[in-house]
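Coordinates in review
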Amino acid sequence: MTDRKWTLKSIAAHLGVSNATVSNAFNRPDQLSKAKREEILAACHELGYFGPNKAARSLRKGTFNIVALLLPDSVEYMVSDPVASSFMRGVAKVLEPQGINLLLFSGNAESVNDIVDFVDGFICYGRPRNTKLITHLEALSKHVVTVDFELDNKASVNINNHEAAYTVAKQAFTGFETTSDNTSDNIEAAILGLRLLDTELICRVYDHHLPELNTSIAHQRLAGFRQAINELGVVIADDKTWNIPESSERYARIAAKEALNTSPRPNVLLCMSDLIALAAAREAQAQGIKIPEELKIVGFDGIDEAELFQPAITTIHQNSENKGQQAAELFINKEKQQVMLPFNLKLGQST
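Our subject in this report is the structure included herewith. (Residues numbered from 1 in each chain as written. Predicted model: local features only at pLDDT ≥ 70, side-chain atom pairs only at ≥ 80, totals over all residues. Heavy atoms only, no water.)

Moving on, we come to unusual backbone geometry. In this model, Ile291 is joined to Pro292 through a cis peptide bond whose omega is 5°. For Pro292, the location among the structural elements is in the loop between helix 11 (274-286) and strand 10 (296-298). The amide bond that connects Gln310 to the next residue, Pro311, takes the cis arrangement and shows omega of 0°. Of note, the phi angle at Asp301 is positive, near 135°, even though the residue is not glycine. With respect to the secondary-structure elements, Asp301 resides in the loop between strand 10 and helix 12 (304-308). (Helix = DSSP H or I, 4+ residues; strand = E, 2+ residues; numbered from the N terminus.)

Applying the stated criterion across every chain, the model contains two aromatic pairs. Here the aromatic rings of Phe87 and Tyr125 are separated by 4.0 Å at their centres, their planes lie at 10°, and the arrangement is stacked. In this pair, Phe87 sits in helix 6 (residues 82-95) while Tyr125 sits in strand 3 (residues 121-125), placing the two residues 38 residues apart along the sequence. Across this residue pair, the class does not change: Phe87 and Tyr125 are buried. (Phe/Tyr/Trp six-rings, centres within 6.5 Å; stacked < 30°, edge-to-face > 60°. Buried < 20%, exposed > 50% of the residue type's maximum accessible area, 1.4 Å probe, protein only.)

For the rest of this paragraph, the subject is the pairing of strand 5 (residues 155-158). Across the two faces of strand 5 the burial is the same, with Ala155 and Val157 and Ser156 and Asn158 all buried. In this sheet, strand 5 lies alongside strand 4 (residues 143-147) in parallel orientation, the contact comprising three bridges. Directly across from Val145, in strand 5, lies its bridge partner Ala155. As defined by bridge partners, strand 5 adjoins strand 12 (residues 338-340) across three bridges and the pair is classed as parallel. Bridge pairing in strand 12 places Ser156 opposite Gln338. (Pairing = 2+ DSSP bridges.)

Turning to the nonpolar core, a few remarks are in order. Counting residues in each nonpolar core, the largest one holds 84 residues, and the members touching the most others are Ile123, Tyr125, Phe173, Leu192, Leu269, Leu270 and Ile297. Broken down by element, this core gets its largest block of residues, eight residues, from helix 11. Those residues in contact with Ile297, other than ones at most four positions away along the chain, are Leu269, Cys271, Ala277, Ala280, Ala281, Ile291, Ile313, Thr314, Ser350 and Thr351. (Core = buried A, V, L, I, M, F, W, Y, C linked by side-chain atoms within 4.5 Å. Contact = heavy atoms within 4.5 Å.)

The quantities given are spatial measurements derived from coordinates; they are silent on function.
Here's what the structure looks like:
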């Protein structure tokens, strides 16, 4: 092996064969005898040449067998999230057998320009943190599939987050006594929200802080929680909704501790993810608060850890792996339909 940078032309000249012979050894083995092909491949391997430049060939063909998976946040954060990991597993399960590779791309990036010329299109998992990327996606002629949000004339995969949040909140409120007018005045509810605001701060959320609802799955879930609250005639205090910047134990535990030390103390916590619900349950147990006798907790997503926790968390189960498979199928088939997947209420002992 040498340090020389070989090309198809130079390797053919070195071996004393035609360019076509070297190309066929790598790409069209039926055009050569087995012995000749093995001889050429062995010589190329010895010299450190591993085939014609695939990038140049892809540029000529206009296809790359690479799909960019645009994540809502940094790659580092998303690969540690169990819901996102399950989604990515579903995408890979469909694409890899087709010989299609995945390129993970951060939702914090400034532009898709660095990769757009080298991928066949995008699967966009959630609204990217940098909303300018949405404008870039809308303008692309390449195929785009969105997940958990929609763009005009692009395929999408979603669940009904509003309805799902409403369903799990209704479950959280079961068992409370109601008055003669079917309202309940003994519920003290609090909401632990996920990215309701565009900030890295853990903070209370007031209505005047909120952008127009339905702009993200977080706002859809908030609307669902509020619908269930309003139907019971419950008044939730203005300072009983929290913004948590990421779905993690570290951030959620801080918000939960603050919520559980307010007066009057909540007896229902509506959480926008299972990771948040688990952090809240651990904080409640650390404070000696009994679940569900003194505090009911619900989550969202249906991760395994929520089911294994004691007490198991009541949650909405969305099949994230299937969501990834559906998105990948839409991409491969170049479809533009909007797919709405089902969800299930999974009862635990936390309500």
